[in-house]
Amino acid sequence: MRIAAVYSFNSGKNLSLAEMHALRAAGLDIVTVFEAGGNLVSTFTEANGLREGASALAQAQALGQPPGTAIFFAVDFDATQSQIASNVIPYFRAVNEILSGSYAVGAYGSGAVLQTLSINGLIKYKWLAGASGWAGSRTYSTADITQGHMDVDPYGFGFNIDPDVANTADYGSWHGIPAPVPVPVPVPVPVDPIAQILANANFRDGVRLFQLDNGLQPDGLIGRLTLTAIGKAEKA
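**Points about empty space enclosed by the protein**
Here is step 1 of the chain: Applying the stated criterion to the full structure yields 1 cavity of 30 Å³ or more.
Here is step 2 of the chain: Empty space within the largest cavity amounts to approximately 40 Å³.
Here is step 3 of the chain: Along its surface, the largest cavity is lined by Phe 34, Glu 35, Ala 36, Gly 37, Gly 38, Thr 43, Phe 44, Glu 52, Ala 74 and Tyr 91.
Here is step 4 of the chain: Residues of the lining of the largest cavity, tallied by class, amount to 5 nonpolar, 3 polar and 2 charged.

Structural data, given as structure tokens:
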């Protein structure tokens, strides 16, 4: 199974490190898509392609998304061929300039958008939007992912989702890196300073000399007789 996760300029909706660890623990693959005003033709400019590509790159690297996997960019409106030529293509050229050598570029959009971007060598992965009435979508048959019925709850989750179907074995997904295993912090062992002194070889040699001078068994141990001798020496 897989789940789509978002990169954007809105930190509240972006895939977090904790969420990525949870998805991995649940055995789910991740498909990432960058979303930022993708439903407005005016947002598709070369400048925005550079800016959004750089943001997507930084977020992917921060999460450890494996190089070579896909970052999709959403074209979430029914673009005409004129709009694709004047806006969408320059945007994706800029995205490719940023992601080249790091991540594969994918696009979410209509059949016409995917077809044109693919012909121009600007995307590797294609995600067909569920709006079948959009230009070229009804006849488009080479999508890696196809969006199904939108805003439905087919599994009884209690909230709506957009089910998607992966049509190819490789559709740009990735598996989250595992959460780091906490390293146990060693518990310090209390040190007895008296014990340290008594265990010191030089100290015990000194005790032996004192015992010899006072006619005691030179065992280096401070017992009752040695303590008595020390007391007498202090009073002398």
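Still to come is the rest of the account.
**Comments concerning the packing of helix 3 (residues 81-99) against helix 4 (residues 111-119)**
The angle between the axes and the distance between the axes are what describe a pair of packed helices.
Here is step 1 of the chain: Taken N-terminus to C-terminus, the directions of helix 3 and helix 4 make an angle of 55 degrees; their axes are 11 Å apart at the nearest point. Classified by the angle their axes make, helix 3 and helix 4 are oblique. Of the two possible hands of crossing, helix 3 and helix 4 adopt the one that is right-handed. Contacts between helix 3 and helix 4 involve Gln 81, Ile 84, Val 88, Ile 89 and Phe 92 from the first element and Ala 112, Val 113, Thr 116 and Leu 117 from the second.
Here is step 2 of the chain: Across the contact of helix 3 with helix 4, the residue classes tally to 7 nonpolar, 2 polar and no charged.

**Section: the environment of Gly 121**
Here is step 1 of the chain: Mapped onto the elements of the fold, Gly 121 is located in the loop between helix 4 and strand 5 (125-128).
Here is step 2 of the chain: When its relative accessible area of 55% is taken as the criterion, Gly 121 is described as exposed.
Here is step 3 of the chain: Spatially, the C-alpha atoms of Gly 121 and Asn 96 are 9.9 Å apart, while their sequence positions differ by 25 residues.

Here is what the cut-offs are and how they apply
- One numbering rule holds for all chains: residues counted from 1, following each sequence as written.
- Whole-chain, interface and lining totals are the exception, using all residues; otherwise, since this is a predicted model, local features are given only for residues with pLDDT of at least 70 and side-chain atom pairs are given and counted only at 80 or more.
- By convention in this description, side-chain values take in all heavy atoms of the structure and omit both hydrogens and water.
- Cavities and pockets were defined on a 1 Å grid built over protein atoms only: a cavity is a set of grid points that admits a 1.4 Å probe from which the probe cannot escape, a pocket is an open set flanked by protein on both sides within 12 Å along at least five of seven lines, and lining residues are those with an atom within 4 Å of any such point.
- Grid points are joined across faces, edges and corners, and a volume is the space filled by probe spheres set on the points.
- We call Asp, Glu, Lys and Arg charged. Ala, Val, Leu, Ile, Met, Phe, Trp, Tyr, Cys and Pro are nonpolar, and the rest, Gly among them, are polar.
- Convention adopted: a line fitted to C-alpha atoms gives each axis, helices being fitted over their contacting stretch, and angles between N-to-C directions are expressed from 0 to 180 degrees.
- What counts as a helix is a DSSP run of H or I of at least four residues, what counts as a strand is a run of E of at least two, and both are numbered from the N terminus.
- Angle categories: roughly parallel below 35 degrees, roughly antiparallel above 145, roughly perpendicular from 65 to 115, and oblique for all the rest.
- Left-handed describes a crossing in which the near helix is turned anticlockwise from the far one by less than a right angle; the clockwise case is right-handed.
- We call two residues contacting when some pair of their heavy atoms lies within 4.5 Å.
- A simple rule labels every residue: compare its accessible area, found with a 1.4 Å probe on the protein chains alone, to the largest value its type can have, and call it buried under 20%, exposed over 50%, or partly exposed in between.

Nothing here speaks to function; it is all geometry.
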